[in-house]
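# Overview (structure and organization)
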Amino acid sequence: MLRIAIQKSGRLSDDSLKLIRECGISFISSSLKLKTESTNFPLEILFLRDDDIPGYVADGVADIGIVGQNVLVEEGMQDLTVEELGFSKCRLSLAVPKADNYSSIEDLNGKNIATSYPNLLQSYLTERGVQANIHTISGSVEIAPSIGLADAICDIVSSGSTLISNGLKEVERVFKSQAVLIANKELSDEKREILEKLLFRINAVQRSQRSKYILLNAPNDKVAEISKLLPGVKSPTVLPLLEEGWSSLHSVVNEDDFWDIIEKLKATGAQGILVVPIEKMII
Ligand SMILES: Nc1ncnc2c1ncn2[C@@H]1O[C@H](COP(=O)(O)OP(=O)(O)OP(=O)(O)O)[C@@H](O)[C@H]1O
Ligand SMILES: O=P(O)(O)OC[C@H]1O[C@H](OP(=O)(O)OP(=O)(O)O)[C@H](O)[C@@H]1O
Ligand SMILES: [Mg+2]
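Note that this is a predicted model, so its numbers are computed, not measured.

Rules of the game
Residue numbering note: each chain is counted from 1, following its sequence as written. Going through the entries in the order they are written, you letter the chains from A and number the ligands from 1. Per-residue local features of the predicted model are confined to residues with pLDDT of at least 70, and side-chain atom pairs are confined, for both listing and counting, to 80 or more; whole-chain, interface and lining totals are unaffected and use all residues. Side-chain measures here rest on the full set of heavy atoms in the structure, leaving out hydrogens and waters. Strands are runs of DSSP state E lasting at least two residues, helices are runs of H or I lasting at least four, and both sets are numbered from the N terminus onward. Atoms counted for the radius of gyration: C-alpha only. Globule rule: 2.2 Å times the number of residues to the power 0.38. Buried, partly exposed and exposed residues are distinguished by accessible area as a fraction of the type maximum, computed with a 1.4 Å probe on protein chains only: under 20%, between the cut-offs, and over 50%, respectively. In this analysis, two residues are considered to be in contact whenever any of their non-hydrogen atoms come within 4.5 Å of each other. Residue-level accessible areas treat just the shown protein chains as cover; the underlying method is Shrake-Rupley with a 1.4 Å probe. By the counting scheme adopted, Arg and Lys are positive, Glu and Asp are negative, and His together with the chain ends is not counted. Think of each charge as sitting on NZ of Lys, CZ of Arg, CG of Asp or CD of Glu. Strands pair, by our definition, only if DSSP identifies at least two bridges between them. UniProt positions are given in the numbering used here, feature names are shortened, and annotations may be inferred rather than shown by experiment. The start and end points of each domain follow an automatic or database-based domain assignment. Take a side-chain nitrogen of Lys or Arg and a carboxyl oxygen of Asp or Glu: if they are within 4 Å of each other, that pair is a salt bridge. Polar contacts, as used here, are pairs of N or O atoms within 3.5 Å; protein pairs need one atom able to donate a hydrogen and one able to accept it. Residues neighboring in sequence count only if both atoms are side-chain atoms. Every residue carries a pLDDT, the predictor's confidence in it, which falls somewhere between 0 and 100. Nearness of a residue to a molecule or strand requires only that one of the residue's heavy atoms be within 4 Å of it. A cavity, in this analysis, means grid points on a 1 Å lattice covering only the protein atoms where a 1.4 Å probe fits yet has no way out; a pocket is instead an open set bounded by protein on both sides within 12 Å along at least five of seven lines, and a residue lines either one if it has an atom within 4 Å of a point. A molecule is counted as occupying a cavity or pocket when more than half of its atoms fall within 2 Å of that pocket's grid points. Gly is placed with the polar residues, together with every amino acid not listed as nonpolar (Ala, Val, Leu, Ile, Met, Phe, Trp, Tyr, Cys and Pro) or charged (Asp, Glu, Lys and Arg). Grid points are joined across faces, edges and corners, and a volume is the space filled by probe spheres set on the points.

## Details of the overall build of the protein chain
- If you tally the helices and strands in the protein chain, you get 8 helices and 15 strands.
- In terms of overall size, the protein chain is more extended than a compact globule, its C-alpha atoms giving a radius of gyration of 24 Å where 283 residues would be expected to give roughly 19 Å.
- In terms of overall dimensions, the protein chain has C-alpha extents of about 75 × 50 × 35 Å along its principal axes.
- The buried share of the protein chain, reckoned over its 283 residues, is 43%.
- Long-range contacts, defined as pairs at least 24 residues apart, comprise 68% of the intrachain contacts of the protein chain with a sequence gap of at least 6.
- A total accessible area of about 15400 Å² is found for the protein chain, and carbon and sulfur atoms account for 49% of it.
- Taking the 30 positively charged and 39 negatively charged side chains of the protein chain as two groups, their mean positions are separated by 3 Å.

## Side note on the pairing of strand S14 (residues 246–254)
- Within S14, 7 of the 9 residues are buried, which leaves the element mostly enclosed by the surrounding structure.
- Taken together, the 4 bridges between strand S13 (residues 237–240) and S14 define a ladder with antiparallel strand orientation. Residue pairing across strands places Leu239 opposite Ser248, the latter belonging to S14.
- Counting the residues in the hairpin turn of S13 and S14 gives 5 residues, including Gly245, whose phi is positive at 85°.

## With respect to the UniProt feature "domain: Histidine biosynthesis HisG C-terminal" (unreviewed entry) in the protein chain
- The feature "domain: Histidine biosynthesis HisG C-terminal" (unreviewed entry), as given by UniProt, occupies residues 209–280 in the numbering adopted here.
- A helix fraction of 28% and a strand fraction of 40% characterise residues 209–280, whose end C-alpha atoms lie 8 Å from each other.

## Some details on the pairing of strand S3 (residues 43–48)
- Taking burial as the measure, the 6 residues of S3 include 6 buried ones, the bulk of the element.
- The alternating pattern of S3 places Leu43, Ile45 and Phe47 and Glu44, Leu46 and Leu48 on opposite faces, both of which are buried.
- Bridge count between strand S1 (residues 2–7) and S3: 6 bridges; the pairing is parallel. The partner of Ile4 across the bridge, within S3, is Ile45.
- In this sheet, S3 lies alongside strand S2 (residues 35–37) in antiparallel orientation, the contact comprising 3 bridges. What sits directly across from Thr36, in S3, is Ile45.
- Once S2 ends, the chain turns through 5 residues before running back antiparallel as S3.

## Regarding the domain arrangement of the protein chain
- What the domain assignment lists for the protein chain is domain 1 (2–88 + 179–187), domain 2 (90–177) and domain 3 (211–277).
- For domain 1 and domain 2, the distance between their C-alpha centres works out to 28 Å.
- Domain 1 puts 7 residues into the contact, and the matching count from domain 2 is 9 residues.
- Counting the contacts that link domain 1 with domain 2 gives 0 salt bridges.
- Counting every contact that joins domain 1 to domain 2 gives 6 residue pairs in polar contact (both at pLDDT 80 or more).
- Element by element, the count of residues in the side of domain 1 that touches domain 2 is highest for helix H3 (residues 69–74), at 5 residues.

## Thoughts on the confidence of the model for the protein chain
- Scored by pLDDT, the protein chain comes out at a mean of 96, with 100% of its residues at no less than 70.
- Interface scoring of the predicted complex returns ipTM 0.96; its pTM is 0.90.

## Notes on the site of ligand 2
- Every residue close to ligand 2 is listed here: Arg11, Glu142, Asp155, Ile156, Val157, Ser158, Ser159, Gly160, Ser161 and Thr162.
- Between ligand 2 and Glu142, the relevant distance is 2.6 Å, taken from an oxygen atom to a side-chain nitrogen or oxygen of the residue.
- Protein burial of ligand 2: of its 500 Å² of free accessible surface, 61% is covered by the chains.
- Put simply, ligand 2 lies in the largest pocket.
- Only strand S9 (152–157) and helix H5 (161–165) provide two or more residues apiece to the shell around ligand 2.
- In terms of residues, the shell around ligand 2 owes the most to one element, S9, which gives 3 residues.
- Here the shell around ligand 2 is composed, by residue class, of 2 nonpolar, 5 polar and 3 charged.

## Some details on the layout of surface pockets
- In this structure, the largest pocket occupies an estimated 1000 Å³ of space.
- Contributions of two or more residues to the lining of the largest pocket are made by H3, S9 and H5.
- Looking at the lining of the largest pocket residue by residue, the class counts come to 10 nonpolar, 17 polar and 10 charged.
- Viewed by domain, the lining of the largest pocket spans two of them, domain 1 (2–88 + 179–187) and domain 2 (90–177), each represented by three or more residues.
- For the second largest pocket, the calculated volume is near 230 Å³.
- If you go around the second largest pocket, the residues you meet are Asp15, Lys18, Leu19, Glu22, Glu84, Leu85, Gly86, Phe87, Gln206, Gln209 and Arg210.
- It is helix H1 (residues 13–22) that contributes the most residues to the lining of the second largest pocket, 4 residues altogether.
- In terms of residue class, the lining of the second largest pocket is built from 3 nonpolar, 3 polar and 5 charged.

Structure below.
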């Protein structure tokens, strides 16, 4: 049995549970239960505060965990990382009151900065030769300048709406973060084997999320040109249409190239283009 620690409630919780479920792992969860076991995979799930997860995994209380890179690097445990998971993307940024005349990082010399990430902030400032007073607080950081606690803050930003609501502007990006899977370094062979199975499933889910299945009709004399645009996993599938001189072409496209490719396909004379989601993808 492998033990995974995930955040009990917060920004990481829903996507962590979603990923586990998309891997075909079933379990019964209730907001009151802090531990649950899968009914169809050798996995036990612990629901914890996110800040505690790296420590528990390092100590072996949990075998693996899902946590934000910001917390992991702040706690100096980035070497536990196994896989980037691509969700809970955010950044750690420095922000000052909107009305401040901020021109460069040197403006923060001698200033008071409130943050929950003193280590990440300190190394960012040190690298740039800036000396500031860091006040570590555990939450509601954005309020600090307006109550006279600090001149600036360093906190998580995603849409930027929390900064705007608190009369602040983002002035420096300190760290880019996303959720990662971490693992204890001394897993037994049995546990490592379960982790490999889980990683295989996670990769299949992630690959499918980055890809789309595409079907289209094309005149036979355009099939070669279109195949170059849609190489797919190995090569596209080409099937004859009932209508003479036409083929149906099936392939897989990467989400990032998607709109670019669609434009080019239309230019070749492709018709009836269908794009459908892929649930799992094993290559
Ligand atoms: N606005 C956001 N958008 C995307 N990701 C975010 C956002 N805010 C935080 N995160 C990511 O999610 C993680 C958890 O954030 P959350 O705000 O739930 O933490 P918390 O308040 O410290 O929770 P806990 O009660 O578990 O200690 C952060 O460490 C960060 O990696
Ligand atoms: O740029 P935004 O999209 O506004 O997101 C940033 C906010 O999100 C997080 O807090 P959260 O809302 O999770 O609440 P918390 O302070 O209780 O953790 C983070 O601490 C910021 O305050
Ligand atoms: Mg926390």
